[in-house]
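Chains, contacts and geometry: an overview
Take a look at the letters that make up each chain.
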Amino acid sequence: MTFRFGLAAALAAGLMVAPVAGWAQQKIKMGVSIPAATHGWAGGLNWHAQQAEKRLEKQYPNLDVVIVTARDVGRQANDLEDLVSVQRIDALVILPFESAPMTDPVRAVKQAGKFVTVVDRGLTDPSIQDLYVAGNNPQMGEVSARFMKEKMGGKGDIVVLRGIPTVIDNQRVDAFMKEIEGTQIKVLGMQYANWNRDDGFKVMQDFLSRFPKIDAVWAQDDDIALGVIEAVKQAGREKEMFILGGAGMKDMIKRVMDKDVLVPADVLYPPAMIAEAMEITARHLVEKAPIQKEYIIEATLVTPENAAKYYYPDSPF
Amino acid sequence: MTPSVMPEAARKPSSGFDLKLYGPFLALAALIVLGTIVNPVFLSPGNIGNVLTRTAFIGIIAVGATFVITAGGIDLSVGSLAAFASGVMIVVMNALVGSMGAGLPVILVGVLVALGLGLAAGLVNGLLVTKGRMEAFIVTLGTMGIFRSLVTYIADGGTLSLNSEIRTIYRPVYYGGVFGISYPILAFAAVALVGALIMYRTRFGRHCAAIGSSEDVARYSAINVDRVKLLAFVLQGICVAIAVVIYVPRLGSASATTGLLWELEAIAAVIIGGTMLKGGYGRIWGTVVGAVMLTLIDNILNLTGAISVYLNGTIQGVIIIVAVLLQRGTVARR
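What you see is a predicted model; the values in this text were computed from it and never measured.

**Quick notes on the overall build of chain B**
Helix and strand counts for chain B stand at 16 helices and 4 strands. Radius of gyration (C-alpha) of chain B: 20 Å, near the 20 Å computed for a compact globule of 334 residues. Projecting the C-alpha coordinates of chain B onto the three principal axes gives extents of approximately 65 × 55 × 40 Å. Taken across its 334 residues, chain B has 54% of its residues classed as buried. Taking contacts inside chain B between residues at least 6 apart in sequence as the whole, the part at least 24 apart equals 80%. When the accessible area of chain B is evaluated, it comes to approximately 14,300 Å², of which 70% is carbon and sulfur surface. Looking at charge distribution, chain B has the averaged site of its 21 positive side-chain charges lying 9 Å from that of its 12 negative ones.

**As for the nonpolar core**
Core analysis: the largest hydrophobic core is formed by 179 residues, its most contacted members being Met30, Met148, Leu161, Met204 and Met278 of chain A. The element contributing the most residues to this core is helix H12 (residues 225–251) of chain B, with 13 residues. What Met204 of chain A contacts, discounting residues up to four positions off in sequence, is Val159, Leu161, Ile214, Val217, Val228, Ala231, Val232 and Met241 of chain A. If you look at the next biggest cluster of nonpolar residues, it comprises 16 residues, including Leu83, Ile94, Val106 and Ala134 of chain A.

**A look at the interface of chain A and chain B**
Taken residue by residue, the interface counts 30 residues in chain A and 35 residues in chain B. Summing both sides of the interface, chain A and chain B together bury roughly 2,700 Å²; the carbon and sulfur share of this comes to 46%. Viewed at the interface, chain B and chain A are joined by 4 salt bridges. Residue Asp206 of chain A pairs with Arg54 of chain B through a salt bridge whose shortest N-O separation is 2.6 Å. Linking chain A to chain B there are 18 residue pairs in polar contact (both at pLDDT 80 or more). Every element with two or more residues in the side of chain A that touches chain B is listed here: helix H1 (2–17), helix H2 (40–59), strand E7 (184–192), helix H7 (197–210) and helix H8 (222–235) of chain A. When residues in the side of chain A that touches chain B are grouped by element, the largest group, 10 residues, is from H7 of chain A.

**So, the pairing of E7 of chain A**
Residues and elements named next belong to chain A. Bridge analysis of strand E6 (residues 155–162) against E7 gives 8 bridges, and the strand direction is parallel. Opposite Leu161, over in E7, you have Gln191 as the bridge partner. In the classification by handedness, the crossover that spans E6, the intervening helix H6 (residues 167–180) and the parallel E7 is right-handed.

**What about the confidence of the model for chain B?**
Low-confidence regions, as indicated by low pLDDT, have predicted coordinates that should not be scrutinised in detail. Residues and elements named next belong to chain B. The pLDDT averaged across chain B works out to 88; a share of 92% of its residues lies at or above 70. For the stretch residues 1–14, pLDDT sits under 50, and the model shows 14 contacts to residues farther than four places along the chain or on other chains. Scored as a complex, the prediction yields pTM 0.80 and ipTM 0.74.

**Structural notes on the sheet that holds strand E8 (residues 216–218) of chain A**
Residue and element names in this part refer to chain A. A sheet is described by the order of its strands in space; here 4 strands give the open sequence E7-E6-E8-E9, paired in parallel fashion. Bordering the open sheet on either side are E7 and strand E9 (242–244), each of which pairs with just one other strand. This sheet shows a mean twist of 20° between the axes of neighbouring strands, independent of strand direction. Running at roughly 150° to E6, H7 makes contact with E6, E7 and E8 of the sheet.

**Points about the sheet that holds strand E3 (residues 91–94) of chain A**
Backbone-to-backbone hydrogen bonds join strands into a sheet, with any given pair of strands oriented parallel or antiparallel. Residue and element names in this part refer to chain A. Read across the sheet, 6 strands follow the order E2-E1-E3-E4-E5-E11 without closing on themselves; strand pairing throughout is parallel. Strands with a single pairing partner mark the edges of an open sheet, and in this sheet they are strand E2 (63–70) and strand E11 (294–297). Taken pair by pair, the neighbouring strands of this sheet meet at an average axis angle of 15°, ignoring direction. Both strand E1 (residues 28–35) and E3 contribute to a ladder of 4 bridges, which runs parallel. Within E3, the position partnered with Val32 by the bridge is Val93. Docked against the sheet, H2 engages E1 and E2, running at close to 165° with respect to E2.

**Description of the pattern of salt bridges**
Note on pairing: side chains with opposite charge can pair once their charged atoms come close. Residues and elements named next belong to chain A. Scanning the model with the defined rule gives 26 salt bridges over all chains in all. Between Arg55 and Glu279 there is a salt bridge whose closest N-O contact spans 2.4 Å. Here Arg55, found in helix H2, pairs with Glu279, found in helix H10 (residues 273–287); they are 224 residues apart in sequence, far enough to count as distant. Two residues, Asp223 and Arg197, come together in a salt bridge whose shortest N-O distance is 2.9 Å. In this pair, Asp223 is assigned in helix H8 and Arg197 in helix H7, connecting sequence segments 26 residues apart. Each member of the pair Asp223 and Arg197 is classed as buried. What you see here is one network of salt bridges that share partners, running through Glu142, Arg146, Lys149 and Glu179.

Criteria and cut-off values
- Residues numbered from 1 in each chain as written.
- Chains lettered and ligands numbered in written order.
- Predicted model: local features only at pLDDT ≥ 70, side-chain atom pairs only at ≥ 80, totals over all residues.
- Heavy atoms only, no water.
- Helix = DSSP H or I, 4+ residues; strand = E, 2+ residues; numbered from the N terminus.
- Rg over C-alpha atoms; globule rule 2.2 N^0.38 Å.
- Buried < 20%, exposed > 50% of the residue type's maximum accessible area, 1.4 Å probe, protein only.
- Contact = heavy atoms within 4.5 Å.
- Areas by Shrake-Rupley, 256 points an atom, 1.4 Å probe, with all protein chains shown as cover.
- Lys, Arg positive; Asp, Glu negative; His and termini not counted.
- Charge placed at Lys NZ, Arg CZ, Asp CG, Glu CD.
- Core = buried A, V, L, I, M, F, W, Y, C linked by side-chain atoms within 4.5 Å.
- Buried area = accessible area lost by both parts, 1.4 Å probe.
- Salt bridge = Lys/Arg side-chain N within 4 Å of Asp/Glu carboxyl O.
- Polar contact = N/O pair within 3.5 Å; in protein donor to acceptor, adjacent residues only side chain to side chain.
- Pairing = 2+ DSSP bridges.
- Right-handed = clockwise from strand over helix to strand, strands pointing away.
- pLDDT = per-residue confidence, 0-100.
- Axes fitted to C-alpha atoms, helices over the stretch in contact; angles between N-to-C directions.

So this is what it looks like as structure tokens:
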């Protein structure tokens, strides 16, 4: 009984890892390597990548898109090797987990003669990439700071919730701090909330106990912001402050659209940039369309006036 | 207590003061003093309420983990299971609003679904360990990955959000309470109490310790080892489900990040509380204290600006190690 069960399980496991991809001939193959959906923004990234895959494969019948997701830098490096040697891709669209460690693995792909598109996080050696599509992290911090400055009249007490300790987070926070320099805005406290709702909730609860007066919260990310909102509501201090998130999650855009006083605005850092990168790359591969070397997506401020333009009710993010 | 089945506990020379038993409580007291010095707000009823309410999830899961670990097993799947059960519960409740209307019945169905899932997951883990003759570590490592990816799949990689009408009705389960004590704290206390009764007053509790101590001896003593182990995993599953029932109303959402690393936190709480990782000796009240300590460390770090946020992990690590070092009495033995 036990033996038979074990055998069945082994067989099932074997079937699952058996290759499913066929041997397509004369097809152009585009590999897409992105981080797995381990937080809200990355979830949106995965959704947009899959939507783009469907759209592009329909538009260009001889294009084959292969999406691989990785949970960490090491796995992403392995994925690149597999894409080149097993999948035999012609082009790579990659959103690197971290800039520095992924630079050499991407260089190897380039040296194998593939077209390389880098998304969001720049490599330390930009000469490797053929195309660079990115959001602008320093600008995101700057736009956020400028909005808060205006809204607060240049003075007041704020708390800052940071993301996961990474280059991205540092760029945003550094630019933010630089922009509020010289004003009377005081940062009471700063803590990591890991781009995560639960952590946003916990950290904000503690900030609320610690500081009797908070005028505004820079949550930097919409997932964190949602946790913050709950904590503020629980403490009954909604009238005291406003919260600025970031990314462009549909729930938050909706709140801005509905003129929620707690959430007067949001700053875009759209996960849809992966779709844009895939489209530009595909057009270049198939139609040989000329391309610019760089596409930088602006960190747009979303206000009740323009919110409807950035609202994607079907996206999971 | 029952020295015949607790050789580990009995062999220790008791020199009047049992560090293993009281160590966790001493460490907790020290941490409370530290917190008060760092920021007087620490002792405010609001903060204490927040901390204890927050501890409830990990605490309830850790009570279940105490049984599994005492019986010599381990369950790595609890965090993923919490995420998966939360996700399924939300999806089911959202789907039922149309036919049943937003009301208490929908929430009751949701709660039953969560409990059923917890029970089923516990059975799967337990049966694979006992009938499948596999290591608990590998079985639950596997189910950990399965549950985590299932919730990611259901959520389409994004976040599942509870219907707002149901949310409004369900919300008080986390935010409400009686006599100023929140429901999560009450649930935590009830689970701990029942857990302590089972661990210290029932044959099952003693059998867990016996099996963790020596499986062969337990088997020769006519203990149904497989049944006890299976039951420990089922208890763990149910504890996770209870945690889910009070977790969902907090933020009304579940995603791939829900319950991330809860398994490690639960195991840490159990060990800080004095239970042996290799099994054979379990302490429920110690686990409760361990869970509270883990939340307190984060809380204290958030209440002070004196320590660079980059060093949070260091402080956490040092406090955990010192807490366990204290109770193992290494210093005293020299």
